[in-house]
Amino acid sequence: MEESLVRSSLKENEEMLDHFERNAKRRFRFLLFFLLCILLLSITLAVTLGPVKMSAMTVWKIALGHLPFIGDSLEVNWSIAQERIIWDIRLPRVLLGAVVGAGLSVVGVVIQALVRNSLADPYILGISSGSSVAATLVILFGALPIFGQYALSFGAFLGAMAAMLSVYLLAQVGGRIQTTRLLLAGVAISMIMSAVTNFIVTLAPKDSGIREAMFWMMGSLAGAKWEYIPIPAVVVLVVSLFLIVQSRSLNILLMGEEVAATLGVNMEAFRKVLIIITSLVTGTVVAVSGSIGFIGLVVPHLARLLVGTDHKRVLSCSILIGMILVIWSDVCARLVLAPQELPIGVVTALCGGPFFIWLLRRSSYSFGGGGK
């Protein structure tokens, strides 16, 4: 009798767990669909907004008109000026913003898992500043000429990796990452890199585009072109797919060395891969947009609030939320002081700074047991 009761209770528990899991999957799919709709709406509205107002219908007609097969069947009822504004100026800028937002969000998720601390992001830890040093050298002095048109991307990647390795090594005590040392190391590296960047700018010739370099250092999508999109888009897409496939290892990473060893995951090798990945994505993104802060800090938190801590879901939501957030941050940068334009980094800092303070004021802000 007791055995049958136990079996019945276990069966009921399994059914309840299955029911909860099915509901969670349905909610997650609905959330992804909802975010995709918001993303498409954001892209459309962002392209329509500006000194010259455009209708959403015109935006979609011009965009579809440049696609093979579809474009031939559309009636051309827009002007050359409208096509130039939408196709050559606004649409590549908005799409580049979406790629940048996805890349920064993915990097934020990875770094927070890597150091097991929810206060980490590429801006706070000085990784973006490291990219800026090398990228500024390329912009002002034409460094790394052997890499041709990829010199800026390669230089930003090298700077990001150097900064990431420095922070990671400085924050370790007995093979473990400590929150206080992590933040102090990040602040120190960021200050040093910023000082080096400013020193480079002071040495630059007066006619070398210093103002453009300074504006770029604060983050900007103003110079967006179609040719800037493919490389970062491919890098972000490939890295995102790889991380989603490796989401189980990212989950295990939060559990500590002992659990990882028990489950047969080589954490040391996986960490090295993550360092290379974060440096690659950060360097590629910084090369096309400059240093944009706080996206990698804010977005993973928003995603975890919506879908929990499973990295497969966190990564998927973070990509979409990051795209939407950067698109609207750029819209604010374009329109708040129009016809002048704010650096997008100013907008994200004004929004992300208070969010960072709120995290610091919380009684518990780390996760995975290793960040405290």
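Look a little higher up for the structure.
Quick look at the structure, then.

Here is what the cut-offs are and how they apply
Residues numbered from 1 in each chain as written. Predicted model: local features only at pLDDT ≥ 70, side-chain atom pairs only at ≥ 80, totals over all residues. Heavy atoms only, no water. Helix = DSSP H or I, 4+ residues; strand = E, 2+ residues; numbered from the N terminus. Buried < 20%, exposed > 50% of the residue type's maximum accessible area, 1.4 Å probe, protein only. Contact = heavy atoms within 4.5 Å. Areas by Shrake-Rupley, 256 points an atom, 1.4 Å probe, with all protein chains shown as cover. Core = buried A, V, L, I, M, F, W, Y, C linked by side-chain atoms within 4.5 Å. Patch = residues over 30% accessible without salt bridge, like charges linked within 9 Å, V, L, I, M, F, W, Y side chains within 5 Å. Salt bridge = Lys/Arg side-chain N within 4 Å of Asp/Glu carboxyl O. Lys, Arg positive; Asp, Glu negative; His and termini not counted. Charge placed at Lys NZ, Arg CZ, Asp CG, Glu CD. Axes fitted to C-alpha atoms, helices over the stretch in contact; angles between N-to-C directions. Parallel < 35°, antiparallel > 145°, perpendicular 65-115°, else oblique. Left-handed = near helix turned anticlockwise from the far one by under 90°. Phe/Tyr/Trp six-rings, centres within 6.5 Å; stacked < 30°, edge-to-face > 60°.

1. Regarding the overall build of the chain
For step 1, the next point in the chain: Across its full length, the chain holds 14 helices and 2 strands.
For step 2, the next point in the chain: With 372 residues in all, the chain has 50% of them scored as buried.
For step 3, the next point in the chain: Residue pairs in contact within the chain that sit at least 24 positions apart in sequence constitute 76% of those at least 6 positions apart.
For step 4, the next point in the chain: Accessible surface computed for the chain: about 18800 Å², of which carbon and sulfur atoms make up 67%.

2. A word on the nonpolar core
For step 1, the next point in the chain: Of all hydrophobic cores here, the largest spans 94 residues; its most connected members are V100, L243, L274, V281 and C317.
For step 2, the next point in the chain: Considering every element that reaches this core, the biggest residue donor is helix α3 (residues 80-114), with 18 residues.
For step 3, the next point in the chain: Not counting chain neighbours up to four residues away, the residues in contact with C317 comprise F28, L31, L32, L35, A303 and V307.
For step 4, the next point in the chain: Grouped together as the second largest cluster of nonpolar side chains are 9 residues, L119, L183, F355 and F356 included.

3. A look at a positive patch on the surface
For step 1, the next point in the chain: A contiguous patch of positive charge, built from R22, K25, R26, R27 and R29, is present on the exposed surface.
For step 2, the next point in the chain: The exposure class assigned to R22 is partly exposed, which follows from its relative accessible area of 46%.

4. A short note on the packing of helix α8 (residues 230-245) against helix α11 (residues 267-289)
For step 1, the next point in the chain: Axis separation between α8 and α11 bottoms out at 10 Å; the angle between their running directions is 155 degrees. With respect to their mutual orientation, α8 and α11 come out roughly antiparallel. Seen along the crossing, α8 lies across α11 with a hand that is left-handed. Every residue of α11 that contacts α8 at I231, P232, V235, V236, V239, F242 and L243 is listed here: V273, L274, I277, L280, V281, T284 and V288.

5. Details of the packing of aromatic side chains
For step 1, the next point in the chain: Under the definition given, this model contains 2 aromatic pairs.
For step 2, the next point in the chain: Aromatic pair W87 and W226: ring centres 4.5 Å apart, planes at 35 degrees, arrangement tilted. In this pair, W87 is assigned in helix α3 and W226 in the loop between α7 (210-217) and α8, connecting sequence segments 139 residues apart.
For step 3, the next point in the chain: Judged by its relative accessible area of 28%, W226 falls in the partly exposed class.
For step 4, the next point in the chain: With centroids separated by 6.4 Å and ring planes inclined at 50 degrees, the aromatic side chains of F154 and F157 adopt a geometry described as tilted. On the criterion of helical spacing, the pair formed by F154 and F157 is a turn pair, its members being 3 residues apart in helix α5 (residues 151-170).
For step 5, the next point in the chain: With relative accessibility at 32%, the residue F154 sits in the partly exposed group.

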